[in-house]
Amino acid sequence: MMLSETPKSGATTLTPRKVTPSRFFFQSTKTNSSSSYSLSSSCTASTPARSFSLLMMEENIAIAESIITKWDPNSSSYTKITFLFQHSRKEAKEFLKSVNYLRSAMHVLVGGSSASKLVLAQNLMQTAMKRLEKEFYQILSANRDHLDPESVSSRSSGSAKFYNADEAESEDELEIVGESITEVERASAFAMSDLKSIADCMISSGYGIECVKIYKIIRKSIVDGGLFRLGIQQFKSPQVHKMDSEGLESILRNWMDAVKIAVKALFRGEKYLCDHVFSASENIKESCFYEITKEGATTLFRFPELIVKNKKAPERIFWQLEIYEAVSDLWPEIESIFDSESTQAIKLQALSSWLKLSDSVRTILSDFESTIQKDSSKILVFGGGIHPLTQSVMNYVSSVADYYGVLSDILADHPPPGNSSFQEFKSVVSDDCSTPEVSVHLAWLILVLLCKLDIKAEIYKDVSLSYLFLANNLHFIVEKVNNTPNLKLLLGEDWVSEHMKKVKLYASNYETTAWTKVLSSLPERSADISPEMAKECFRKFNTAFEEAYRKQTPWIVEDRKLRDNLKVSISQKLVPTYQEFYDTYMVMLSGEKNMELLVRISPNDLGNYLSDLFHGTSASVSSTTSSSLVPSQRCFPI
């Protein structure tokens with residue numbers, strides 16, 4: 001209002017005349033030449049100024065009283081069922097302004113003598129707060145779908161333009177330049193604007209606790225409900241331990257999908273909404289967000305700990321690597337969302353699970369190495385074929401190599417504890433410090449396997465079969481590396497080349513020990529022998545070859561390329577020598593009786609017999625004791 005002078009009984013009095021509340025709010029109470037009232041010289045400067053201020057406050061209370069009383073939730077049946085912000089956004093803004101004016105008036109009245117006016121103002125404030133509580137609850141409840149965290153998150157991430165409805169009084173005033181918005185977006189924008197306006201007003205009026213309490217109840221139910229729909233539930237360690245592989249895999253797969261949605265949409269959207277609504281108070285928005293998300297987020301981020309607490313079977317490393325990778329990918333967002341002191345406990349829970357996953361992976365790899373070293377089975381693989389340990393270890397190592405990116409992070413500067421042999425091996429293969437840690441670890445696991453295969457080769461009583469066993473298994477290992485792109489990338493071409501050389505060495509040792517007796521039964525090419533000596537050579541050759549053939553026919557070489565190479569190499573050594581001997585002495589012995597008994601194998605037959613080798617004739621497995629026929633192969637880096 002404004003004031004004008006009205007003379008009465010010779011004294012100067014101040015008579016109010018109406019002004020708009022907004023004008024009053026910005027009007028100075030100091031006397032100056034441009035004031036809208038004047039004072040007589042008989043009045044002091046302070047008295048009329050104070051009187052003016054009090055009168056202004058009283059008038060301000062009167063204006064606030066009219067609109068607050070109108071929307072008193074208990075004044076009429078109409079106001080009980082009608083919501084102010086739904087009825088008229090313009091009137092809702094006036095209501096909020098009147099509360100702000102009322103609060104200003106109360107600050108002035110507190111130091112004055114007008115106790116009745118102060119009581120009235122306090123009653124009006126309580127009525128206004130009840131109305132705003134009701135409005136706040138109604139907006140939150142009615143817009144549960146419009147304010148779902150995923151939709152809010154999409155705006156906060158910039159995937160949709162954010163529009164401010166704080167100054168809009170009607171939907172017609174909400175416009176986006178060059179872009180139309182959907183009804184859901186429009187409703188969401190108005191709801192967020194109204195919630196923020198109410199929260200600002202209630203917090204500044206000293207009713208922040210009531211406001212926050214309503215917000216926590218509703219929004220926590222939305223967050224918890226969202227996590228429940230994502231399949232997140234509280235598990236105890238014994239429950240996880242009792243799950244079979246299929247059931248656990250299903251839960252883990254669901255968790256992998258759920259954690260991404262929870263972090264990227266649910267938690268991020270809730271934080272954005274909370275920050276927007278309670279932007280007036282840093283402490284309130286942080287503590288409010290923590291109270292809403294702490295239970296659900298802790299349950300979500302605690303789950304990996306339950307996985308690593310259970311038995312660390314080798315196959316569980318793959319799920320743990322996937323979970324670790326998922327948390328790693330989400331970690332920047334987790335740090336950003338739970339960045340306050342209030343939410344530190346949630347972030348620490350996620351970090352704890354992350355670190356325990358890496359510890360568990362290292363433990364599983366260390367245990368796997370120990371399992372290889374401790375394998376004491378005396379299984380005699382039929383025909384010198386591929387040992388089950390070779391297959392299982394290489395399948396495992398090649399699968400682990402697919403996670404080399406994650407393993408590079410986990411294994412960095414974390415050698416197997418107390419393993420001096422590994423440190424010596426590492427110093428040889430990575431003396432220039434350029435070899436990735438994961439490459440060293442995987443090469444080490446294969447070396448441990450090779451050393452164990454050397455020991456298992458000693459089980460065979462036949463030394464040539466021992467070498468064939470080593471050639472078979474090492475060739476299988478090299479081919480596994482060659483056919484696994486990630487593993488080959490980690491170990492490198494030099495590793496493959498060096499180990500192929502050793503395959504050839506094993507194959508050569510096999511040929512020497514298996515066929516020396518047959519070759520030695522034939523005379524030197526330049527030797528001049530008598531018919532009797534020739535007959536003896538034929539007899540010795542028949543006996544030696546038949547023995548070698550009978551013994552080696554059950555032996556097996558599964559790889560076709562290695563099998564063909566062995567046959568060709570044996571044939572090149574044996575057939576030409578026998579062909580020359582046969583051609584030379586068959587003429588000399590042409591008159592002999594029973595030649596078919598003396599010369600039972602022709603050069604052509606020899607090639608046919610050799611083609612039968614390495615296919616195996618039966619599949620038997622037996623157990624025997626260790627033999628000392630094969631010298632132990634030294635196990636140092638190759």
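Note that the structure is a prediction, hence the values are computed from the model and not measured.

Draft legend 1. Expanded view of the overall build of the protein chain. Regarding its fold elements, the protein chain presents 24 helices and 4 strands. Looking at the protein chain as a whole, 47% of its 638 residues qualify as buried. Surface accessibility of the protein chain: about 31500 Å² in total, with carbon and sulfur atoms responsible for 52%.

Draft legend 2. Up close: helix H12 (residues 282–309). Taking 1.5 Å of rise per residue, 28 residues should cover 40 Å, and H12 covers 38 Å from first to last C-alpha, within 8% of that figure. Approximately 50° is the largest bend angle found in H12, and it occurs at Thr293.

Draft legend 3. Examining helix H16 (residues 404–411) more closely. Buried residues of H16: Val406, Leu407, Ile410 and Leu411, and no others. For H16, the angular spread of buried residues about the axis comes to 115°, placing them on one side. Contacts made by the buried residues of H16 are with helix H13 (317–337), helix H14 (344–374), helix H15 (388–401) and helix H18 (437–457).

Draft legend 4. Representation of the environment of Gln122 in the model. Mapped onto the elements, Gln122 comes out in helix H6 (residues 115–142). Sequence separation between Gln122 and Leu102 is 20 residues; the distance between their C-alpha atoms is 8.9 Å.

Draft legend 5. Broad picture of the packing of aromatic side chains. Using the criterion set out here, one finds 25 aromatic pairs in the structure. Taken together, a centroid distance of 5.9 Å and an interplanar angle of 15° make the contact between Phe541 and Phe545 stacked. Of this pair, Phe541 and Phe545 are both found in helix H21 (residues 531–552), 4 residues apart, which corresponds to roughly one turn of the helix. Assigned by exposure class, Phe541 and Phe545 land together as buried. Ring centres of Phe541 and Tyr578 lie 4.2 Å apart, and the angle between their planes is 15°; this geometry places the pair in the stacked category.

Draft legend 6. View of the confidence of the model for the protein chain. Per-residue confidence for the protein chain gives a mean pLDDT of 80, with 77% of residues at or over 70. Note on residues 1–46: pLDDT is under 50 here. Beyond four places in sequence and across chains, it has 62 contacts. Between residues 167–180, whose pLDDT stays under 50, and residues either more than four places distant or in other chains, the model counts 23 contacts.

Draft legend 7. Focus on the environment of Lys347. Note on placement: Lys347 falls in helix H14. With 13 residues separating them in the primary sequence, Lys347 and Ile334 have C-alpha atoms 6.9 Å apart. Look past the residues within four positions of Lys347 in its chain and what remains in contact with it is Trp331, Glu335 and Phe338.

Draft legend 8. Looking closely at the nonpolar core. Among the nonpolar cores identified, the biggest contains 179 residues, and Phe136, Phe267, Phe278, Phe301 and Trp515 are the most heavily contacted of them. Sorting elements by how many residues they give to this core places H18 first, with 14 residues. Not counting chain neighbours up to four residues away, the residues in contact with Phe278 comprise Phe136, Ala199, Ile203, Cys211, Val212, Tyr215, Ile284, Lys285 and Cys288.

Draft legend 9. Representation of the pattern of salt bridges in the model. Counting across every chain of the model gives 27 salt bridges. Residue Arg89 pairs with Asp194 through a salt bridge whose shortest N-O separation is 2.6 Å. Residue Arg89 is located in helix H5 (residues 89–110), and its partner Asp194 is located in helix H8 (residues 183–204); the two are separated by 105 residues in the primary sequence. In this pair, the class of Arg89 matches that of Asp194, namely buried. As a salt-bridge pair, Glu94 and Lys97 come within 3.9 Å of each other at their nearest N and O atoms. Of the two residues, Glu94 and Lys97 are both situated in helix H5; the distance of 3 residues between them amounts to about one turn of the helix.

Draft legend 10. Broad picture of the packing of H15 against helix H20 (residues 485–520). In contact at an axis separation of 7 Å, H15 and H20 are set at 85° when each is read in the N-to-C sense. Relative to H20, the element H15 lies roughly perpendicular. Residue-level inspection shows Met394, Val397, Ser398 and Ala401 of H15 in contact with H20, the latter providing Asn486, Leu487 and Leu490.

Here is what the cut-offs are and how they apply
Residues numbered from 1 in each chain as written. Predicted model: local features only at pLDDT ≥ 70, side-chain atom pairs only at ≥ 80, totals over all residues. Heavy atoms only, no water. Helix = DSSP H or I, 4+ residues; strand = E, 2+ residues; numbered from the N terminus. Buried < 20%, exposed > 50% of the residue type's maximum accessible area, 1.4 Å probe, protein only. Areas by Shrake-Rupley, 256 points an atom, 1.4 Å probe, with all protein chains shown as cover. Expected span 1.5 Å × (residues − 1). Bend = angle between axes of the 7 residues up to and from the residue. Arc of directions from axis to C-beta. Contact = heavy atoms within 4.5 Å. Phe/Tyr/Trp six-rings, centres within 6.5 Å; stacked < 30°, edge-to-face > 60°. pLDDT = per-residue confidence, 0-100. Core = buried A, V, L, I, M, F, W, Y, C linked by side-chain atoms within 4.5 Å. Salt bridge = Lys/Arg side-chain N within 4 Å of Asp/Glu carboxyl O. Axes fitted to C-alpha atoms, helices over the stretch in contact; angles between N-to-C directions. Parallel < 35°, antiparallel > 145°, perpendicular 65-115°, else oblique.

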